[in-house]
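So the chains spell out like this:
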Amino acid sequence: MEYGINGELEYKSIREMFKPLHIEELCIRDSIIREIKEYIRVSDHYNVLLFGNTDTGKTSIVNVLLHQIYENETSENVFIVNGLEQLYIKTDFKQVLTSFCRFHQLRGDKKKKTIVIDDVDCISEHNQHIVKELIDQYTPHIHFIFTCSNKHKVIRSILKRMKCIRTYEYDYDKMIYL
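None of these values were measured; they are calculated from a predicted model.

Visitor: Sorry, what's going on with the packing of aromatic side chains here?
Guide: A ring pair, where both rings are aromatic, is described by two values, the distance of the centres and the angle of the planes. All chains considered together, the criterion is met by two aromatic pairs. Plain terms: the ring middles of Phe79 and Phe100 are 5.5 Å apart, the flat faces sit at 40 degrees to each other, and that makes the pair tilted. Here Phe79, found in strand β4 (residues 78-82), pairs with Phe100, found in helix α6 (residues 93-107); they are 21 residues apart in sequence, far enough to count as distant. Ring centres of Phe144 and Phe146 lie 6.3 Å apart, and the angle between their planes is 70 degrees; this geometry places the pair in the edge-to-face category.

Visitor: Help me out: how do you make sense of helix α7 (residues 125-138) in this one?
Guide: An α-helical turn contains 3.6 residues, so any two residues separated by three or four positions project in the same direction. Taking 1.5 Å as the rise per residue, α7 with 14 residues should run 20 Å; its terminal C-alpha atoms sit 20 Å apart, in good agreement. Of all the residues in α7, the buried ones are Asn127, Gln128, Ile130, Val131, Leu134, Ile135 and Tyr138. Around the axis of α7, the buried residues are gathered within 155 degrees of arc, so they sit on the same side. Among the exposed residues of α7, those oriented more than 90 degrees off its buried face are Glu125 and His126.

Visitor: Looking at this model, I keep getting lost on the sheet that holds strand β5 (residues 113-118). Mind explaining?
Guide: Two strands in a sheet stick together by hydrogen bonds in their backbones, pointing the same way (parallel) or opposite ways (antiparallel). Strand order in the open sheet formed by five strands is β4-β5-β6-β3-β7, and the pairing between neighbours is parallel. Each of the sheet's edge strands pairs with one partner strand only, and the pair in question is β4 and β7 (163-166). If you compare each strand with its neighbour and ignore which way they point, the axes differ by 15 degrees on average. Of the strand pairs in this sheet, strand β3 (residues 47-51) and β7 are connected by four bridges, and their pairing is parallel. Following the sheet pairing, Leu50 is matched in β7 by Ile165. Sitting on the sheet, helix α2 (residues 30-42) is in contact with β3 and β7, with an inclination near 165 degrees to β7. Packed onto the sheet, α7 meets β3, β5 and β6 (142-148) and runs at close to 150 degrees relative to β6.

Conventions adopted
Residues numbered from 1 in each chain as written. Predicted model: local features only at pLDDT ≥ 70, side-chain atom pairs only at ≥ 80, totals over all residues. Heavy atoms only, no water. Phe/Tyr/Trp six-rings, centres within 6.5 Å; stacked < 30°, edge-to-face > 60°. Helix = DSSP H or I, 4+ residues; strand = E, 2+ residues; numbered from the N terminus. Expected span 1.5 Å × (residues − 1). Buried < 20%, exposed > 50% of the residue type's maximum accessible area, 1.4 Å probe, protein only. Arc of directions from axis to C-beta. Pairing = 2+ DSSP bridges. Axes fitted to C-alpha atoms, helices over the stretch in contact; angles between N-to-C directions. Contact = heavy atoms within 4.5 Å.

Here it is, written out as structure tokens:
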């Protein structure tokens, strides 16, 4: 429980209370932490594809990366697409993503924006080609961070443009010390 801005008591879920904010707090293999840290250190843009089985920390890593980039300013700087939802929602995928990219480019924002596609392997091949075009056009201004369970369902031209990092089961020894 915490007190909100208006003084009222706010409840947080256990998941929210213990949500990692820093990469060192993740219960993942040290080799993955080193790989992510090194990539962040040497890169001025984050085009990352995290792939691995379900419940291996992909979304937690994305949340930590977003926190590192924006602290608490994610709402206006990040556009999140859930690939599974794209199977059922009929939207103009290209128009929505292009509008986000163009809007922030036109505003002249100094801080790069980020497009996150969770489960990129679930979006259609056609939409993956649209994403590839956006990566080519907007990489200097937009970070692209994707997750997937099956890397083989992601088109090659996207894989070539991303730093692919495989995730593994949680490191349960680390959980004991938290």
